[in-house]
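Take a look at the letters that make up each chain.
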Amino acid sequence: MSSAPNHLVGDLLAESLTAWRVKGDVARADDGGLIIRSNAKFIRVDPAPSGSMFRWMVTIDGLQRGAISLIAVLRQTRAAIDPGYAPNRVRVTVAPLVPP
Amino acid sequence: MIDHKAIPVSVLTGFLGSGKTTILGHLLRQPEFSRTAVIINEFGEIGLDHELIEASEDSLIELTTGCLCCKVRTDLAQTLQDLLRRRDEGTCSPFDRIVIETSGLADPAPILQTLMTDLALADRLVLGSVATTVDTLNGADTLEREDVSQKQVAVADRIVLTKLDLAGAAKPTLLARLASLNPGAPVLSADHGRIGSRDLFETGLYDPSTKSIDVNGWLADEGHGHSRSPHHADIEACAVVRVRPIRAIALTLFLETLAEHCGADLLRLKGIVNIAESPDRPVVIHGVQHVFHAPAWLECWPSDDRRSRIVVIARRVPRRWVEVLLDAIGAEVDSVSGGG
């Protein structure tokens, strides 16, 4: 299942490491998957297979989990490599989604 | 939507000794500043600032003790509720706006958040503009030394230089520092506290004179990005401009992700956004840290410029990350929605 263009996802992951002030790098595998190496973690991000309920598959040190969106990919990735991460979960609903 | 009967609440902040009370004292003697209720917050057991202000009879001065940013949920909200009750009962001078002078040590963010989110106040009050005083003589050192001073500048809609009579013209290093912290805020000068109230307070999101949302004035010159200063990279502002309309859900997810990953480092966010589902009525967004004001839908575009413009003022948040985040979320939402 495709999602955001692959180059955008790679850029987002690389820029996210900078934003989180975590050392590491993002590279693209020969088969198109994205590889993140940071804090002794090896993370791979791939588009989920067709028909999956997920959009992305995130593999962290060999353990694969589905991610329903890029936001979930970011959350899983940061939780794995940033020990100080304390997610600040908020709902910022642009409600109503269209003018009344 | 902003209630057109809502009373604008403006905030005058600035570090200790930067001239807030002098400016307020001058403003309170101006006829156009009548019908203004003033809340002065001082840090300490005994407040003095209210004694130093010679107010006209139509002005109302309230005093709270303790630092507003530390006790904001109770003290400020309670003070504002009392003020509104007395206004309704006719037991105080009538007023059409409120100005809060914060203590010099106050972090302005919780104060702004309370104004935006307190349910008991939300339908009566609307956040006006934020003005921050900067001592021309000591401002540069203060900004280097005091984090709260940086935050006070970063959230300002207007920056006011004071004590120019002592320091002469502001040094380029100070102006550069202010520009790196908040490039979109016009920098004004006060001469012994003298400055026009319109220059200072009628420049916020909500324009009390027209009872409308003054988006152009609010966003000022913030339509373009600003490069990171190599020397002062802690807090910076960046503006993300997009020609292509943004889907409402993409904007929601973008804001949530910013708040989730930036936390308290997200000092202020404001913008006007062209929503794909509402091409003729843009939405105005406004947030302080992880608290966001209810979006305001404009009746129409305020100018021919229909680009989305989102200004993010944050500590150590790279501009490029903000841009790529918005684009990547937008692309994913488009793919789900069958567009793009």
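Treat the numbers as computed from the prediction; the structure is a model and nothing was measured.

Colleague: Before we go on, may I ask you to explain the overall build of chain B in this structure?
Modeller: Regarding its fold elements, chain B presents 14 helices and 15 strands. Buried residues in chain B amount to 51% of all 340 residues. Counting contacts in chain B only where the partners sit at least 6 residues apart, residues at least 24 apart contribute 76% of the total.

Colleague: So what exactly am I meant to see when it comes to the environment of B:Asp107 here?
Modeller: Turning to its location among the elements, B:Asp107 is positioned in the loop between strand S4 (97-101) and helix H5 (108-117). Sequence-wise, B:Asp107 and B:Ser149 are 42 residues apart; in three dimensions their C-alpha atoms are separated by 8.2 Å.

Colleague: Can you walk me through the interface of chain B and chain A in this structure?
Modeller: Taken together, the contact pairs 33 residues of chain B with 28 residues of chain A. Only helix H13 (248-262), strand S12 (278-288) and helix H14 (319-337) of chain B provide two or more residues apiece to the side of chain B that touches chain A. Here the side of chain B that touches chain A takes eleven residues from H13(B), the largest share from any one element. Across the side of chain B that touches chain A, the residue classes break down as 18 nonpolar, seven polar and eight charged.

Colleague: What's the story with the sheet that holds strand S1 (residues 25-28) of chain A in this structure? I'm lost.
Modeller: Backbone hydrogen bonds are what pair the strands of a sheet, in a parallel or an antiparallel way. All names here are of chain A. Taken in spatial order, the five strands of this open sheet run S1-S2-S3-S4-S5, and their pairing is antiparallel. Bordering the open sheet on either side are S1 and strand S5 (63-67), each of which pairs with just one other strand. Along the sheet, successive strands turn relative to each other by an average axial angle of 20°, direction set aside. Judged from the five bridges that link them, strand S4 (residues 56-60) and S5 form a sheet pairing that is antiparallel. Looking at S5, one finds that Ile-60 is bridged to Leu-63.

Colleague: Please clarify how unusual backbone geometry should be interpreted in this entry.
Modeller: A negative phi holds for most residues other than glycine; trans holds for most peptide bonds. Positive phi outside glycine occurs at B:Lys163, with the angle close to 60°. As for its position among the elements, B:Lys163 is in the loop between strand S6 (158-162) and helix H9 (164-167).

Colleague: Any chance you could explain the environment of A:Phe54 here in plain terms?
Modeller: Residues and elements named next belong to chain A. Mapping Phe-54 onto the fold places it in the loop between strand S3 (41-47) and S4. When the C-alpha atoms of Phe-54 and Arg-65 are compared, they prove to be 9.3 Å apart, with eleven residues separating the residues in sequence. Filtering out sequence-adjacent residues up to four positions away, Phe-54 remains in contact with Ala-48, Gly-66, Ala-67 and Ile-68.

Colleague: Just to check I follow, could you spell out H14(B) for this structure?
Modeller: Since one α-helical turn is 3.6 residues long, residues separated by three or four positions face the same way. If you check H14(B), its first and last C-alpha atoms are 27 Å apart, about what 19 residues at 1.5 Å a residue would give, namely 27 Å. B:Gly338 sits one or two residues past H14(B) and shows a positive phi near 85°.

Colleague: I keep staring at helix H1 (residues 6-20) of chain A and nothing clicks. Help me out?
Modeller: Look at H1(A): 21 Å from first C-alpha to last across 15 residues, which is about the 21 Å you get at 1.5 Å a residue. When H1(A) is considered as a whole, its buried residues turn out to be A:Val9, A:Gly10, A:Asp11, A:Leu12, A:Leu13, A:Glu15, A:Ser16, A:Leu17, A:Ala19 and A:Trp20. In the core, the buried residues of H1(A) are packed alongside S1, strand S2 (34-38), S3 and helix H2 (70-81) of chain A together with H13 and H14 of chain B. Following H1(A) by one or two positions, A:Arg21 adopts a phi angle in the positive range, close to 60°.

Colleague: Just to check I follow, could you spell out the nonpolar core for this structure?
Modeller: Note that soluble globular proteins tend to have their nonpolar side chains buried in a common cluster. If you look at the biggest cluster of nonpolar residues, it comprises 106 residues, and the most contacted ones within it are B:Ile98, B:Val160, B:Phe254, B:Val312, B:Ile313, B:Leu325 and B:Ile329. Residue contacts for B:Ile329: discarding those within four places in its chain leaves A:Leu70, B:Ala250, B:Leu253, B:Phe254 and B:Thr257.

Colleague: I'm lost on the packing of H1(A) against H14(B) in this one. Help?
Modeller: Working note: a packed helix pair is described by the angle between its axes plus the distance between those axes. Running from N to C, H1(A) and H14(B) point in directions that differ by 145°, and their axes come no closer than 9 Å. Judged by the twist between their axes, the crossing of H1(A) over H14(B) is left-handed. Contact residues: H1(A) offers A:Leu8, A:Val9, A:Asp11, A:Leu12, A:Glu15, A:Ser16, A:Thr18 and A:Ala19, while H14(B) offers B:Arg320, B:Trp321, B:Val324, B:Leu325, B:Asp327, B:Ala328 and B:Ala331. Of the residues belonging to the contact of H1(A) with H14(B), the class tally is nine nonpolar, two polar and four charged.

Definitions and cut-offs
Residues numbered from 1 in each chain as written. Chains lettered and ligands numbered in written order. Predicted model: local features only at pLDDT ≥ 70, side-chain atom pairs only at ≥ 80, totals over all residues. Helix = DSSP H or I, 4+ residues; strand = E, 2+ residues; numbered from the N terminus. Buried ≥ 20, exposed ≤ 12 C-beta atoms within 10 Å, placed from the backbone. Contact = placed C-beta atoms within 7 Å. Nonpolar A, V, L, I, M, F, W, Y, C, P; charged D, E, K, R; others polar. Pairing = 2+ DSSP bridges. Axes fitted to C-alpha atoms, helices over the stretch in contact; angles between N-to-C directions. Expected span 1.5 Å × (residues − 1). Core = buried A, V, L, I, M, F, W, Y, C linked by C-beta atoms within 7 Å. Left-handed = near helix turned anticlockwise from the far one by under 90°.

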